Amino acid sequence: MKRRDFIVRVAAAGGSTYAAMKALDLLGEANPAVAQSQTLQIRPGRGKRVIILGAGLAGMTAAYELRKSGYKCTILEARGRSGGRCWTVRGGDQIVETTGTVQTAQFAQGQYFNPGPARIPQHHITIDYCRELGVDLEIFPNLNYEQYYYNESVPGDLSGRKVRARQAKADLRGYLAELLAKAASQGALDAPLTAEDKEKLVIFLRTYGGLDPDLFYRGTNRRGYDVEKQGAGDRPGKFSSPYSLSALVNLGFANYEAFEQGYDQQMLMFQPVGGLDQIAKALERKVRSTIQFSSEVQEIRKTPNGVRIVYSQNGNVQQITGDYCICTIPLKVLSKIPADFSPDMQAAIAGVEYAVTGKSALQFNRRFWEEDEQIMGGITSTNIGLATIWYPGYGYLSKRGVLVGYYNFGAVAAEFGALQPEARVRRAIELGSRIHPQYNSHYETGMSLYWSNIPYNLGGWATYTTQTRQQFYPRLNQPDGKIYLAGEHLSYLTGWMAGAFESARVVVQKIGAQA
Ligand code: PHE
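Being a predicted model, the structure only gives us computed values, none of them experimental.

(A) Representation of the state of the cysteines in the model. Summed over all chains, the structure comprises 0 disulfides. Left unpaired, C73 is separated from the closest cysteine sulfur, that of C325, by 11 Å. Residue classification places C73 among the buried positions, given a relative accessible area of 8%. With no disulfide of its own, C327 lies 5.5 Å from the sulfur of C325, the closest cysteine sulfur. The exposure class assigned to C327 is buried, which follows from its relative accessible area of 0%.

Laid out in structure tokens, this is it:
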């Protein structure tokens, strides 16, 4: 019997194909993280020429990997810098929008702003590339128990109040444990549990929720000593009484908690030391000789044996031919470029939506969030339009700091985006000062961006619905002649740098199999 037949039969008989494959030693040692960082095994390029459109992470990764196997690569990059959305803005840098607005960053030396990606999960391939490229990482504080949940116009007495994450978490855990312990004692859990299990569950819940011996939750020092801090001498500390269950439920805390618990958002998370663009810079060092900057693609053409790309380099129209093209241009931009795509491909390119999102950065001359409120990094979540305020996870205890004044999405982001950049910043300050009144006396400078208005992006990141994933994604993954698409939009990790890396690797392997 062939090995494949054996596995099929095991599966048909209801057996574990995994065990069968393991027995046949088909899986080898499962250590995907190690496998990922290794060089791709692709057939040598023998001088085949690949034209890559876009020197973002996907484009540069494709060039980096293909060159390891002897392909000749040219990257056409519309901007004067590499990295695409993998970008850091420092003093003197500009943010230009399609509406014609130009902002020049006035940040002080050492301060910076990541307008795009900013946090990396430990399990993403991005970490492996940082290792391979020698990018220094530090922890990104995506969740800090000191951070706030601040919602206005919600029912209950927590509306318009700053609730520390620590307090919300301790109280909700306590109340839920209390309810469950009571349900268990009243026989409501008899179906799934034996009498002995129930006893153990109640013991578990007492510890888990911080319940009193009578199984009531009346508060716990887990929520902190917010009335009077613990200290020395005669200061045992005093914590306030818990918020009511009703107020917490009405606050709308579940969404924040669910976000923090998401697989891609769980702590620990990481960031490059000194700005997110360190990843792009490190990759650029590997492929610099292949990049032609300020080269805007104007036409994408098929030829009998390959591709021809027309581009404008500092206003001069030029063209270049190659055996293959890897196009990483975001779909919102690509859909407007004249190209020889087949009709189904063109429809797929036009059919995918992009996240509507914006960010602002506010520099303050004092780290009041650290000094007055003990918030050393983290993210405050709110329903007042800002959505999130990010406290810097670097430069602790220093004088100045740059906050992300808002990072919002959807309709709210569009409202901000419709304003002039300066007006967005004013709005960020006005709204943010409801949470941090110190804004008014310590603000120095700020800027904002709206991704739908950023040239060569025209959107945040690809957002598939179940429908567009079915209808368009498979087509986008198939080459059109010798043209292959790559980028975060060609992945299930949309909106993550890992999507760009993974997608580049998939396409490089496809070309390798072809060549
Ligand atoms: N990766 C981005 C972030 O963490 C965008 C994103 C958000 C992607 C939520 C998917 C889900 O903010």
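More follows now that the structure is in view.
(B) Spotlight on empty space enclosed by the protein. With the rule as written, the count across this model stands at 1 cavity of 30 Å³ or more. Quantified by volume, the largest cavity comes out at close to 170 Å³. Lining the largest cavity are 15 residues, and of these N114, W390, P392, Y394 and V404 lie nearest its centre. Residue assignment for the lining of the largest cavity shows that the elements contributing at least two residues are β6 (112-113), β20 (388-391) and β21 (401-409). Here the element with the most residues in the lining of the largest cavity is β21; it accounts for 3 residues. Residues that form the lining of the largest cavity fall into these classes: 11 nonpolar, 3 polar and 1 charged.

(C) Just the nonpolar core, in detail. Core analysis: the largest hydrophobic core is formed by 43 residues, its most contacted members being L57, I279 and I326. With 8 residues, the top contributor of residues to this core is helix α19 (residues 497-514). Once residues lying within four places of it in the same chain are set aside, the contact partners of L57 are G83, C86, I279, A280, L283, M497, A500 and F501. Judged by nonpolar contacts, the second largest core, of 31 residues, contains L331, M345, V352 and L485.

(D) Spatial organisation of the sheet that holds strand β12 (residues 291-292). Pairing in this open sheet of 5 strands is parallel, and the strands run β12-β2-β1-β16-β24 from one edge to the other. The open sheet has two edge strands with one neighbour each: β12 and β24 (483-485). Relative to β24, strand β16 (residues 324-327) runs parallel, the two sharing 3 bridges. Across the sheet, residue C327 finds its bridge partner in β24, namely L485. Sheet strands in contact with α19 are β16 and β24, and its direction is about 155 degrees off that of β24.

(E) Up close: the site of the ligand. All residues in the neighbourhood of the ligand are listed as R119, Q265, Y407, W461, T494, G495 and W496. With respect to the ligand, the side chain of R119 contributes an N or O atom lying 2.7 Å from an oxygen atom. For the ligand, an oxygen atom lies 2.7 Å from a polar atom in the side chain of Y407. Contact with the protein chains removes 75% of the 310 Å² of surface that the ligand exposes when unbound. The cavity that encloses the ligand is the largest pocket. When grouped by side-chain class, the residues that make up the shell around the ligand number 3 nonpolar, 3 polar and 1 charged.

(F) Region of the structure containing unusual backbone geometry. In this structure, L268 follows M267 across a cis peptide bond, with omega equal to -5 degrees. Topologically, L268 is positioned in the loop between α9 (253-260) and β11 (269-272). With a phi angle near 70 degrees, L215 is a residue other than glycine that sits in the positive phi range. Judged by relative accessible area, which is 15%, L215 ranks as buried.

(G) Fine view of the packing of helix α6 (residues 165-185) against helix α7 (residues 195-209). One can describe the packing of α6 onto α7 by two numbers: an axis separation of 9 Å at closest approach and a directional angle of 160 degrees. As the angle between them shows, α6 and α7 are arranged roughly antiparallel. Between α6 and α7 the crossing geometry is left-handed. Note on element contacts: α7 touches α6 through K198, L201, V202, L205, Y208 and G209, opposite R173, G174, A177, L180, A181 and A184. Among the residues forming the contact of α6 with α7, the class breakdown is 8 nonpolar, 2 polar and 2 charged.

Rules of the game
Counting restarts for each chain: residues are numbered from 1 in the order of the written sequence. Since the coordinates come from a predicted model, pLDDT governs what is reported: local features require at least 70, and pairs of side-chain atoms require 80 or more to be given and counted, while whole-chain, interface and lining totals use all residues. Here the side-chain values reflect all heavy atoms present in the structure, with hydrogen atoms and water set aside. Cysteine sulfur atoms that come within 2.5 Å of each other are treated as a disulfide pair. When a residue's accessible area, from a 1.4 Å probe over protein chains only, is under 20% of the maximum for its type it is buried; when over 50% it is exposed; and in between it is partly exposed. For cavity detection a 1 Å grid was placed over the protein atoms alone, and a set of points counts as a cavity when a 1.4 Å probe fits there but cannot get out; an open set counts as a pocket when protein lies on both sides within 12 Å along at least five of seven lines, with lining residues being those that have an atom within 4 Å of a point. Grid points are joined across faces, edges and corners, and a volume is the space filled by probe spheres set on the points. We count a stretch as a helix when DSSP gives it H or I for four or more residues in a row; a strand needs E for two or more, and each element gets its number in order from the N terminus. Charged residues are taken to be Asp, Glu, Lys and Arg, nonpolar residues to be Ala, Val, Leu, Ile, Met, Phe, Trp, Tyr, Cys and Pro, and polar residues to be all remaining types, Gly included. Each nonpolar core is a collection of buried residues, namely Ala, Val, Leu, Ile, Met, Phe, Trp, Tyr and Cys, held together in the definition by side-chain atoms within 4.5 Å. Two residues qualify as a contact provided that any one of their heavy atoms is within 4.5 Å of a heavy atom in the partner residue. Note on pairing: two strands pair once DSSP finds at least 2 bridges between them. Every axis corresponds to a line fitted to the C-alpha atoms, with the helix fit spanning only the stretch in contact, and the corresponding angles, defined between N-to-C directions, vary from 0 to 180 degrees. Residues are classed as near a molecule or strand on a simple rule: at least one heavy atom within 4 Å of it. Under the rule applied, a polar contact is a pair of N or O atoms within 3.5 Å (in protein, one hydrogen donor and one hydrogen acceptor; residues adjacent in sequence only if both atoms are side-chain atoms). Note that accessible areas follow from Shrake-Rupley with a 1.4 Å probe, and for residues the cover is restricted to the protein chains shown. Whether a molecule sits in a cavity or pocket is decided by its atoms, more than half of which must lie within 2 Å of the grid points. Roughly parallel refers to an angle under 35 degrees, roughly antiparallel to one over 145, roughly perpendicular to one between 65 and 115, and oblique to any angle outside these ranges. For any pair of crossing helices, the crossing counts as left-handed if the nearer helix is rotated counterclockwise from the farther one by less than a right angle, and right-handed if it is rotated clockwise.

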